[in-house]
Amino acid sequence: AQTVTQSQPEMSVQEAETVTLSCTYDTSENNYYLFWYKQPPSRQMILVIRQEAYKQQNATENRFSVNFQKAAKSFSLKISDSQLGDTAMYFCAFMRVGAGNNRKLIWGLGTSLAVNP
Amino acid sequence: DSGVTQTPKHLITATGQRVTLRCSPRSGDLSVYWYQQSLDQGLQFLIQYYNGEERAKGNILERFSAQQFPDLHSELNLSSLELGDSALYFCASSVGAGTSRTDTQYFGPGTRLTVL
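Residues numbered from 1 in each chain as written. Chains lettered and ligands numbered in written order. Predicted model: local features only at pLDDT ≥ 70, side-chain atom pairs only at ≥ 80, totals over all residues. Heavy atoms only, no water.

Residues and elements named next belong to chain A. As for its placement among the helices and strands, Gly-98 is situated in the loop between strand S10 (88-96) and strand S11 (105-107). Taking the relative accessible area as the measure of exposure, Gly-98 reaches 25% and is therefore partly exposed. Along the sequence, Gly-98 and Asn-31 sit 67 residues apart, while their C-alpha atoms lie 7.2 Å from each other. (Helix = DSSP H or I, 4+ residues; strand = E, 2+ residues; numbered from the N terminus. Buried < 20%, exposed > 50% of the residue type's maximum accessible area, 1.4 Å probe, protein only.)

Turning our eyes to something else, we now look at the nonpolar core. Residues and elements named next belong to chain A. Counting 26 residues, the largest nonpolar core has Tyr-25, Trp-36, Phe-75, Leu-77 and Tyr-90 as its most contacted members. Going through the elements one at a time, strand S3 (19-21), strand S5 (32-39), strand S6 (46-52), strand S8 (64-69), strand S9 (74-79), S10 and strand S12 (111-116) are the ones with two or more residues in this core. Sort the elements by how many residues they give to this core and S10 lands first, with four residues. With near-sequence residues (within four places) excluded, Phe-75 lies in contact with Cys-23, Tyr-25, Leu-34, Phe-35, Trp-36, Gln-51, Val-66, Asn-67, Phe-68 and Cys-92. (Core = buried A, V, L, I, M, F, W, Y, C linked by side-chain atoms within 4.5 Å. Contact = heavy atoms within 4.5 Å.)

Evaluation of the coordinates by the stated rule reveals two disulfides over all chains. Covalent S-S linkage joins Cys-23 of chain A and Cys-92 of chain A, the inter-sulfur distance amounting to 2.0 Å. The chirality of the disulfide connecting Cys-23 of chain A with Cys-92 of chain A is left-handed, given an S-S dihedral of about -65 degrees. Taken together, the residues span a long stretch of sequence, with Cys-23 of chain A in the loop between S3 and strand S4 (24-26) and Cys-92 of chain A in strand S10 at a distance of 69 residues. Residue pairing for Cys-23 of chain B: its cysteine sulfur links by disulfide to Cys-91 of chain B, the two sulfurs lying 1.8 Å apart. Judged by the sign of its S-S torsion, about -50 degrees, the bond between Cys-23 of chain B and Cys-91 of chain B is left-handed. One end of the pair, Cys-23 of chain B, is in strand S3 (residues 19-24); the other, Cys-91 of chain B, is in strand S9 (residues 87-94), and 68 residues separate them in sequence. A relative accessible area of 0% places Cys-23 of chain B in the buried class. A relative accessible area of 0% places Cys-91 of chain B in the buried class. (Disulfide = S-S within 2.5 Å.)

Structure representation (structure tokens):
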């Protein structure tokens, strides 16, 4: 069974600085996707970024980028130029991609990020 | 706004009761997923439907059931409610066409269920 581990329950960063959130996962699958979602105080679940396991190039979305290390089963999220609006719970999620249409997300427990002015 | 709608936003009920949570997916999405977010168990996958058919089941209790209708909206039915069922219930949808872009799930705002 797949598992996702986020080892940092809480983190804080100063506005405009850079922060990295860690995520490791365990799987025997070779084909999968990885995601970061954020959940601000509004509780809405918002997609931040996704990474396909077959791609060696790290995904980037504006100030958000990932460091995907497939052999190490590591998938960290880097937030550059942190903004107050980045304050949220961040979840790492794993999706196995196989035959059929089973696409459930397996979640880490989250990292609570506070961006301080 | 993700385009996924969920009703109601809040639900307060008593133990032993039955409730129905409703979800409308984004236009064009065929897959609907239900997740439960609770303080003690985090985010848990409950069930997935694809174009009206059940595709995957998580640790969904027998007291819970779901269905996806021909117009692709979905309902999650929770019965014989217990205090421990209090949680935020999310619905998500995706196109479901087998690529990373079309398998990406977009979430509704959730239904906050409180069982007293």
